[in-house]
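Breakdown of the fold
If you want the building blocks of each chain, they are given just below.
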Amino acid sequence: MIGRSIRALLLFVAVACLVACEARYRDVSDRQDHRAWIGQDCELTTFTRAHGVTLPASPYRQTDYVSIWNPGFTGPEMTFLRILEPGTRMRIVAARVCTNCLGRRIDYQVEVSPTPVEFEGKPAYLRAEWLSPDQLRCVRPSAA
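Because the structure is predicted, anything quoted here is derived from the model rather than measured. (Residues numbered from 1 in each chain as written. Predicted model: local features only at pLDDT ≥ 70, side-chain atom pairs only at ≥ 80, totals over all residues. Heavy atoms only, no water.)

1. Observations concerning the side chain of Arg127
You can see Arg127 is positioned in strand β8 (residues 124-127). Among residues more than four places away in sequence, those in contact with Arg127 are Ile68, Trp69, Arg105, Ile106 and Asp107. (Helix = DSSP H or I, 4+ residues; strand = E, 2+ residues; numbered from the N terminus. Contact = heavy atoms within 4.5 Å.)

Right, here's the structure in full:
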């Protein structure tokens, strides 16, 4: 019985440490499976939540980046919530993978057009699972 309790406590501590730590990312834009998305012009086909995020290490409650996905999240790290409407356009410019998150989390950096005031000067990231025809319609621009 004590063995189970200790294992449960260790699991709880490990999960708490992962939740409390700041995510670390590595650029993977040059990898074949992500390179195909880079440069595509996309249009949202559904209402989508955009969240301003402040990093845990930030001394002020400033927006450090924007996270775009549904259902989204809430908490002290959220600085704003904006609903992006169907028809909102964005271009995929880079890809990154979280190196210390549970599971394999890929985000694509996007440029939203027109840029909402809350986004100005902040990088915006779209979760990879949002790259589906049910949420987003993408095309590669034709060469001019």
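2. Considering the pairing of β8
Residues of β8 alternate between two faces, with Ala124 and Leu126 on one and Tyr125 and Arg127 on the opposite face, all of them buried. Inspection of the sheet shows strand β4 (residues 65-68) paired to β8 by 3 bridges, in the parallel sense. Paired with Ser67 across the bridge in β8 is Tyr125. Bridging between strand β7 (residues 106-113) and β8 involves 4 bridges; their strand directions are antiparallel. Note on β8: the bridge partner recorded for Val110 is Ala124. (Buried < 20%, exposed > 50% of the residue type's maximum accessible area, 1.4 Å probe, protein only. Pairing = 2+ DSSP bridges.)

3. A look at the environment of Ala95
Looking at the element boundaries, Ala95 is found in strand β6 (residues 89-98). Owing to a relative accessible area of 2%, Ala95 belongs among the buried residues under this scheme. For the pair Ala95 and Val110, spaced 15 residues apart in sequence, the C-alpha separation works out to 9.1 Å. Beyond its immediate stretch of four places on either side in the chain, Ala95 contacts Arg26, Asp27, Val28, Ser29, His34, Ile38, Asp107 and Tyr108.

Everything listed here is a matter of coordinates, which is why it stays silent on function.
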